[in-house]
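Structure assessment
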Amino acid sequence: GKNRAGLDDATVNKLQSKLKAALYGTDPFTYFSRYDKDESGSLDKEEFRTLVRVNLKIPPDELSDPDINKLMIALDDDGEGQVGIDELADFIVRGAATFFEAALNGFEGAEG
């Protein structure tokens, strides 16, 4: 099936589990900060793509560049074209449930 981002659930689940495995023994902020070259607290397209391709070793036939862009848009809560480290941390815990959450919830806050 497809989720709200228009990505296959299987693809998203694979990315989520690869990220979980990569974070084993560390925490999201320590881990993602390595890719956050400008120390902005978020990853831009290039930083995020490097993370997916180089560190998680996910080839384009598993997750294409357009799909990486879709993923970024889905995870980008504030529409700045970047993915916040806190947004990525949230994704690792809850997966596709976090997609477009800010847009769906407005400012009501996350549902418990």
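The following paragraphs examine the structure supplied in this document.

1. Comments concerning the overall build of the protein chain
Scanning the protein chain from N- to C-terminus turns up 6 helices and 2 strands. Across the protein chain, helices and strands are ordered from the amino to the carboxyl terminus as α-α-β-α-α-β-α-α. Dimensions of the protein chain, computed from C-alpha atoms along their principal axes, come out at roughly 35 × 30 × 25 Å. In the protein chain, buried positions account for 38% of the 112 residues. A separation threshold of at least 6 residues defines the contact pool for the protein chain, and within that pool the share at least 24 residues apart is 58%. Here the protein chain holds 13 positive side-chain charges and 23 negative ones, and the gap between their average locations is 8 Å.

2. Quick word on the environment of G84
Here G84 shows up in strand β2 (residues 83–84). Taking the relative accessible area as the measure of exposure, G84 reaches 8% and is therefore buried. Separated by 43 residues in sequence, G84 and G41 have C-alpha atoms that sit 6.1 Å apart. Residue contacts for G84: discarding those within four places in its chain leaves G41 and S42.

3. Remarks on helix α4 (residues 65–75)
Think of an α-helix as turning once every 3.6 residues; residues three or four places apart then point the same way. Within the span of α4, buried status applies to I68, L71, M72, A74 and L75. The arc that holds the buried residues of α4, viewed along the axis, is 165°, so those residues lie on one side. Looking at α4, the residues exposed on the side facing more than 90 degrees away from the buried face are P66 and I73. Where α4 is buried, its residues touch α1 (9–22), β1 (42–43), α3 (45–55), β2 and α5 (85–94).

4. Quick look at unusual backbone geometry
The residue E39 is not glycine, and still its phi comes out positive at about 55°. Of note, the phi angle at K57 is positive, near 55°, even though the residue is not glycine. Here K57 lies in the loop between α3 and α4.

5. Describing the nonpolar core
With 27 residues, the main nonpolar core has L19, F32 and F48 as its most contacted residues. For this core, the elements supplying multiple residues, two or more each, are α1, α2 (28–33), α3, α4 and α5. For this core, the element with the highest residue contribution is α4, accounting for 5 residues. Sequence-distant contacts of L19, defined by excluding residues within four places in its chain, comprise Y31, F32, L51, L56, F91 and I92.

Cut-off values and rules
- Residues numbered from 1 in each chain as written.
- Predicted model: local features only at pLDDT ≥ 70, side-chain atom pairs only at ≥ 80, totals over all residues.
- Heavy atoms only, no water.
- Helix = DSSP H or I, 4+ residues; strand = E, 2+ residues; numbered from the N terminus.
- Buried < 20%, exposed > 50% of the residue type's maximum accessible area, 1.4 Å probe, protein only.
- Contact = heavy atoms within 4.5 Å.
- Lys, Arg positive; Asp, Glu negative; His and termini not counted.
- Charge placed at Lys NZ, Arg CZ, Asp CG, Glu CD.
- Arc of directions from axis to C-beta.
- Core = buried A, V, L, I, M, F, W, Y, C linked by side-chain atoms within 4.5 Å.

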